[in-house]
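Here are the chains, one letter per residue:
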Amino acid sequence: IDDLAKADYSLNSLPAVFQPFIDLDLKGTVYPAGNCSGPPYVAAPFTIPDQSDSMLYLAFSEYFFQTSSFAYYTAGAFNITIAEETCSYFNISTEIFGSIIPEVAKHSVTPYPVMLKLMATEIPIISLEQDSFTVEIQGSMEVFAVLPDSTPQSLFTMNIAANTSIALNIFDQKLMGSLCLNRLQFSLAHSNVGFFEISLLENILSYILQTEVIPSANAKLSKGFPLP
């Protein structure tokens with residue numbers, strides 16, 4: 001698929017040949033690149049509805065997307081660093097945070113660039129729906145002040161619970177998706193600047209995720225999964 005994951009579409013059994021159609025039972029398991037250990041899921045059998053107005057029907061079970069989530073989580077794909085060096089239009093400083101949170105202003109009198117480190121703390125949970133699926137992500141976001149010698153100084157860490165949906169389509173023999181953020185919840189996990197109400201930051205953090213993380217995820221999803 002890419003540098004992080006690979007898909008196994010090998011046959012589980014011999015093709016079943018009938019007069020009007022042929023059934024192919026494919027494995028459909030996604031592994032982290034360089035690691036073929038089995039994912040912690042069991043594939044449940046399912047059948048395709050009886051239809052005959054197209055030449056080919058291709059069905060994916062929840063197992064396929066669960067193993068995809070596991071593979072990319074294992075490979076670290078949900079770990080993202082956002083900083084001025086990596087995003088040309090990301091220009092947030094401790095001064096901006098300090099204007100919202102007095103504790104940050106007291107801690108960082110001199111304005112410094114801000115760096116964010118996001119990571120998933122659990123394997124994202126997949127729920128399959130018609131033409132789309134939802135992804136529940138539990139994660140954390142650590143906010144750093146970047147000192148003049150490039151040393152990151154941790155300010156605070158937040159827990160994040162995100163509910164997203166991914167619309168699916170097939171184009172050019174690839175399964176493609178488009179990510180939409182449905183709901184976000186934040187809570188303060190740890191602070192080196194003192195306690196503050198996390199609700200003060202919700203708007204700016206939501207903006208950062210919508211303008212930085214979601215477009216980056218959609219750029220990757222637009223490359224698609226190669227189909228068998």
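Please refer to the structure higher up on the page.
Just so you know, these numbers come straight off a predicted model, no measurement behind them.

Chemist: Is there a simple way to think about the packing of aromatic side chains in this case?
Modeler: Each aromatic ring pair is described using two quantities: the centre-to-centre distance and the angle formed by the ring planes. Counted by the stated rule, this structure contains ten aromatic pairs. Measuring from centroid to centroid gives 4.7 Å for Phe65 and Phe133, while their planes differ by 40 degrees, and the two rings are tilted. One end of the pair, Phe65, is in helix 1 (residues 62-74); the other, Phe133, is in strand 8 (residues 132-146), and 68 residues separate them in sequence. On the basis of relative accessibility, which here comes to 7%, the residue Phe65 falls in the buried class. Of the residues examined, Phe133 reaches a relative accessible area of 7% and is grouped as buried.

Chemist: Honestly, the environment of Ile125 in this entry has me stumped. Any pointers?
Modeler: Structurally, Ile125 is set in strand 7 (residues 125-129). Separated by 15 residues in sequence, Ile125 and Ser140 place their C-alpha atoms 16 Å apart. Filtering out sequence-adjacent residues up to four positions away, Ile125 remains in contact with Thr134, Val135 and Glu136.

Chemist: Help me understand the environment of Phe195, please; the structure alone is not making it clear to me.
Modeler: Among the structural elements, Phe195 can be located in the loop between strand 10 (174-191) and helix 4 (202-221). By relative accessible area, which is 59% here, Phe195 ends up exposed. Separated by 68 residues in sequence, Phe195 and Ser127 place their C-alpha atoms 36 Å apart. Those residues in contact with Phe195 that lie beyond four places of it in its chain are Glu103 and Leu188.

Chemist: Looking at this structure, I do not really get the nonpolar core. What am I missing?
Modeler: Within soluble globular proteins, side chains that are nonpolar generally end up buried alongside one another. Counting residues in hydrophobic clusters, the biggest one holds 25 residues, and the most contacted among them are Phe97, Leu116, Met141, Val143, Phe156, Met158 and Leu201. Looking at this core, the elements that each hand over two or more residues are strand 6 (114-120), strand 8, strand 9 (152-171) and helix 4. Ranked by residue count, the leading element in this core is helix 4, at five residues. Listed in part, the 19 residues of the second largest apolar core include Phe64, Ala77, Phe133 and Leu181.

Chemist: Even after reading the chapter, I still don't get the side chain of Thr134, so can you show me in this structure?
Modeler: Mapped onto the fold, Thr134 is located in strand 8. Leaving out residues up to four positions away in the same chain, Thr134 has contacts with Ile125, Ile126, Ser127, Glu129, Thr164 and Ser165.

Chemist: Quick question: what am I supposed to make of the pairing of strand 8 here?
Modeler: The two faces of the sheet receive side chains in turn, since in a regular strand these alternate between them. Most of strand 8 is tucked away, with eleven of its 15 residues classed as buried. Pairing analysis gives seven bridges linking strand 6 to strand 8, with the strands arranged antiparallel. Across the sheet, the residue bridging to Met119 is Ser140, located in strand 8. Looking at chain direction, strand 7 and strand 8 are connected through five bridges and run antiparallel. Each bridged residue has a counterpart across the sheet, and for Glu129 the counterpart in strand 8 is Ser132. Counting the residues between successive antiparallel strands, the hairpin from strand 7 to strand 8 contains two residues, one of them, Asp131, with a positive phi of roughly 65 degrees. The pairing of strand 8 with strand 9 spans 15 bridges and is antiparallel. From the neighbouring strand, Gly139 faces strand 9, where its bridge partner is Ile160. Turn length for the strand 8-strand 9 hairpin, with the two strands adjacent in sequence and antiparallel, is five residues, and the turn residue Ser150 shows positive phi of about 75 degrees.

Chemist: For this particular structure, what's the right way to read a nonpolar patch on the surface?
Modeler: The grouping of Leu11, Val17, Ile22 and Leu24 at the surface amounts to a nonpolar patch, some 410 Å² of accessible area in total. Along the chain, the position of Leu24 falls in the loop between strand 3 (22-23) and strand 4 (29-32). By relative accessible area, Leu24 is classed as exposed at 53%.

Conventions used here
Residues numbered from 1 in each chain as written. Predicted model: local features only at pLDDT ≥ 70, side-chain atom pairs only at ≥ 80, totals over all residues. Heavy atoms only, no water. Phe/Tyr/Trp six-rings, centres within 6.5 Å; stacked < 30°, edge-to-face > 60°. Helix = DSSP H or I, 4+ residues; strand = E, 2+ residues; numbered from the N terminus. Buried < 20%, exposed > 50% of the residue type's maximum accessible area, 1.4 Å probe, protein only. Contact = heavy atoms within 4.5 Å. Core = buried A, V, L, I, M, F, W, Y, C linked by side-chain atoms within 4.5 Å. Pairing = 2+ DSSP bridges. Patch = residues over 30% accessible without salt bridge, like charges linked within 9 Å, V, L, I, M, F, W, Y side chains within 5 Å. Areas by Shrake-Rupley, 256 points an atom, 1.4 Å probe, with all protein chains shown as cover. Salt bridge = Lys/Arg side-chain N within 4 Å of Asp/Glu carboxyl O.

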